[in-house]
Amino acid sequence: MRALQYLDHGPADLLKVADAPEPHAGRNQIRIAVRTSGVTPADTALRSGRLGRRVPLPHVPGVDAAGVVDEIGEGVTDVRKGDEVFGIVDLGKLGGANADHAVLAAWAPKPAALSWEQAGGAAANTETATRALDLLGLNDGTTLLIAGAAGGVGTLAVQLAVARGVRVIGTAGPATQDFVASLGATPVVYGEGLTERVGEVDAVLHCAGTIADLVTIAGAPDRVLTIADMAPPEGVRTSFMADPGTFRQALHGLADAAALAEKGLFTVPLAGVFPLAGGPEAHRLSETGHAHGKIVLVN
Ligand SMILES: NC(=O)c1ccc[n+]([C@@H]2O[C@H](COP(=O)([O-])OP(=O)(O)OC[C@H]3O[C@@H](n4cnc5c(N)ncnc54)[C@H](OP(=O)(O)O)[C@@H]3O)[C@@H](O)[C@H]2O)c1
């Protein structure tokens, strides 16, 4: 099968489409014929070597995808071959989705309301946003500030929080204010003076930018949850795969988001759509730090 892959850690140019062995579904897994798959900042960080973590090479990046089920592992009873699904790979493998076939460890039926491109980039960020909102435990009528509301995770977190009855304020650059407003948040420009512009909120979800002001805005460090800063100020809550013992994927978010999409209450904004061979361009767009929505590869 074809797979986007790299033979060594380094710049995006190292990504090539080449032949790779077909994976197979293990217990509680399914395999899909991939139509579309996602690119995340974790893929680019891992590829570049910035994470300091190396993977067996060659490595196929991508942690989420959408496609048609073509192999069903032992123990799986909720799908049949030919079903259209979107989902996440086994995160322990740190990749495998940017290929003709991918093995998924969690999935939900692809909602008709999402295009293949949107579905291919939906799963990982939906899980992350759902996990963060569950941990923050916000009630109907509370106010949440999302720092980085225009990014892959932020765009979905805004919509999922609004669907929970939360009032959302989202930070973004000056050129991205209307985009953030279109998702249901009150936009504010990040940077100097943010504290005065926002006022008080009940909680903060930190996806991008600096945390210092956010603790002041929330009133206490434990009202801030970061998914992006692995060494935040003391008391700020974190949710990372690397958190020993505390990391639990919020996989129920996939079906919940699909149901919201069918009601017209959830969509996946796309920052860029590239062919599989456009992997280097897709990674470079992610590495700008200013992608607006999700980056997706089409097979
Ligand atoms: N812990 C986890 O489980 C987990 C899971 C997924 C992702 N992550 C991490 O979460 C972070 C966000 O991921 P992502 O996919 O959303 O990234 P992304 O799509 O690359 O984020 C890009 C966005 O960040 C915004 N941005 C840049 N500088 C900003 C600033 N100073 N303040 C506010 N917004 C700013 C940009 O908006 P403008 O262009 O308007 O500036 C752009 O829309 C990454 O660090 C990623 O590695 C963690």
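Every chain is numbered on its own, with residues counted from 1 as its sequence reads. Totals for whole chains, interfaces and linings use all residues, but because this is a predicted model, local features are given only for residues with pLDDT of at least 70 and pairs of side-chain atoms are given and counted only at 80 or more. Note: side-chain values were computed over all heavy atoms of the structure, leaving out hydrogens and water.

A few words now on helix α9 (residues 279-287). Three- or four-residue spacings in an α-helix give side chains the same orientation, since the helix completes a turn every 3.6 residues. Exposure is judged per residue with a 1.4 Å probe applied to protein chains only, and the accessible area is read against the type maximum: over 50% gives exposed, under 20% gives buried, and values in between give partly exposed. Secondary structure follows DSSP: runs of H or I at least 4 residues long count as helices, runs of E at least 2 residues long count as strands, and numbering of each begins at the N terminus. Residues Gly279, Pro280, Ala282, His283 and Ser286 constitute the buried set of α9. One face of α9 carries all of its buried residues, which in axial projection span an arc of 160°. Any pair of residues with heavy atoms lying within 4.5 Å of one another is described as a contacting pair. Taken together, the buried residues of α9 touch β1 (2-5), β3 (30-39), α1 (41-48), β14 (270-275) and β15 (294-298). Where α9 terminates, the next one or two residues include Gly289, which has phi positive at roughly 75°. Arc definition: it is the arc formed by the directions from the helix axis to the C-beta atoms.

The next thing to look at is the site of the ligand. It suffices for a single heavy atom of a residue to lie within 4 Å of a molecule or strand for the residue to be listed as near it. In the vicinity of the ligand, 24 residues are found, and the nearest of them are Gly152, Thr176, Tyr190, Ser239 and His292. Two N or O atoms form a polar contact when they lie within 3.5 Å of each other; inside protein one atom must be a possible hydrogen donor and the other a possible acceptor, and for residues adjacent in sequence the pair counts only when both atoms belong to side chains. In this structure, Gly173 approaches the ligand through a main-chain N or O atom, which is 2.8 Å from an oxygen atom. Among the secondary structure elements, those contributing two or more residues to the shell around the ligand are α3 (123-136), α4 (152-163) and β9 (167-172). For every domain, the bounds stem from an assignment made automatically or drawn from a database. Counting only domains with at least three residues in the shell around the ligand, you end up with domain 1 (2-122 + 268-298) and domain 2 (126-238).

Right, let's talk about the domain arrangement of the chain for a bit. What the domain assignment reports for the chain is domain 1 (2-122 + 268-298) and domain 2 (126-238). Measuring from the centre of the C-alpha atoms in domain 1 to the corresponding centre in domain 2 gives 27 Å. Opposite the nine residues of domain 1 that make contact, domain 2 presents twelve residues. Taken together, the two surfaces of domain 1 and domain 2 that pack against each other cover about 670 Å², and 65% of this comes from carbon and sulfur. In short, buried area is how much 1.4 Å probe accessible area vanishes from two parts on joining, totalled over both. If you sort the residues of domain 1 by the area they bury against domain 2, Ala122, Pro269 and His292 come out on top, with a joint share of 53%. Whenever Lys or Arg places a side-chain nitrogen within 4 Å of a carboxyl oxygen from Asp or Glu, that contact is recorded as a salt bridge. Joining domain 1 to domain 2, the criterion identifies zero salt bridges. Our count for the domain 1 to domain 2 interface comes out at two residue pairs in polar contact (both at pLDDT 80 or more). Residues are grouped as follows: Ala, Val, Leu, Ile, Met, Phe, Trp, Tyr, Cys and Pro are nonpolar; Asp, Glu, Lys and Arg are charged; all remaining types, including Gly, are polar. Counted by class, the side of domain 1 that touches domain 2 contains five nonpolar, three polar and one charged residues.

A few words on the sheet that holds strand β10 (residues 186-189). Sheet architecture is open: six strands sit in the order β10-β9-β8-β11-β12-β13, paired in parallel fashion. Pairing within the sheet leaves two strands with one partner each, and these edge strands are β10 and β13 (237-238). Those strands touched by α3 are β8 (143-147), β11 (203-206), β12 (224-226) and β13, and its axis lies near 155° from that of β11. Contacts between α4 and the sheet are confined to β8, β9 and β11, with β8 contributing the most and set at about 170° to the helix. DSSP calls a pair of strands paired once it identifies at least 2 bridges connecting them. Between the N-to-C directions of two axes lies an angle of 0 to 180 degrees, each axis being a line fitted to C-alpha atoms and, for a helix, fitted only over the stretch in contact.

Turning next to the pattern of salt bridges. Counting across every chain of the model gives eleven salt bridges. Here Glu287 ties to Arg47 by a salt bridge, and the two come within 2.8 Å at their closest N and O atoms. With Glu287 in helix α9 and Arg47 in helix α1, this pair connects stretches of sequence that are 240 residues apart. Taking relative accessible area as the criterion, Glu287 reaches 34% and is therefore assigned partly exposed. With a shortest N-O distance of 4.0 Å, Arg50 and Glu287 are connected by a salt bridge. In this pair, Arg50 is assigned in the loop between α1 and β4 (64-72) and Glu287 in helix α9, connecting sequence segments 237 residues apart. Look at Arg50 and you get exposed, because its relative accessible area is 56%. One network of salt bridges, in which partners are shared, links Glu22, Arg31, Asp70 and Glu71.

Only buried residues count toward a nonpolar core. Its members are Ala, Val, Leu, Ile, Met, Phe, Trp, Tyr and Cys residues joined through side-chain atoms within 4.5 Å. Judged by nonpolar contacts, the single largest core of 59 residues is most densely connected at Ile30, Ile32, Phe86, Leu144, Ile146 and Leu205. When we break this core down by domain, the ones giving at least three residues each are domain 1 (2-122 + 268-298) and domain 2 (126-238). If near-sequence neighbours (up to four positions away) are discounted, Ile32 is found in contact with Ala65, Ala66, Gly67, Val68, Val69, Asp70, Val85, Asp100, His101, Ala102 and Leu104. Core analysis: the second largest hydrophobic core is formed by 15 residues, Ile169, Val204, Val224 and Val236 among them.

We now examine unusual backbone geometry. Cis geometry marks the peptide bond from Leu57 to Pro58, where omega comes out at 0°. One can find Pro58 in the loop between α1 and β4. A positive phi angle is found at Asn28, which is not glycine, with a value near 65°. With respect to the helices and strands, the residue Asn28 is situated in the loop between β2 (16-19) and β3.

We now examine the packing of aromatic side chains. To pair, rings of Phe, Tyr and Trp, with the six-membered ring standing in for Trp, must have centres within 6.5 Å; the planes then decide the type, stacked if under 30 degrees apart, edge-to-face if over 60, and tilted in the middle. Tallied over the full model, the rule gives zero aromatic pairs. In this scheme, the term charge over a ring applies when either NZ of a lysine or CZ of an arginine sits within 6 Å of the ring centre and within 35 degrees of the ring normal. A cation over a ring is seen here: Lys110 above Trp116, with NZ or CZ 5.0 Å from the ring centre.

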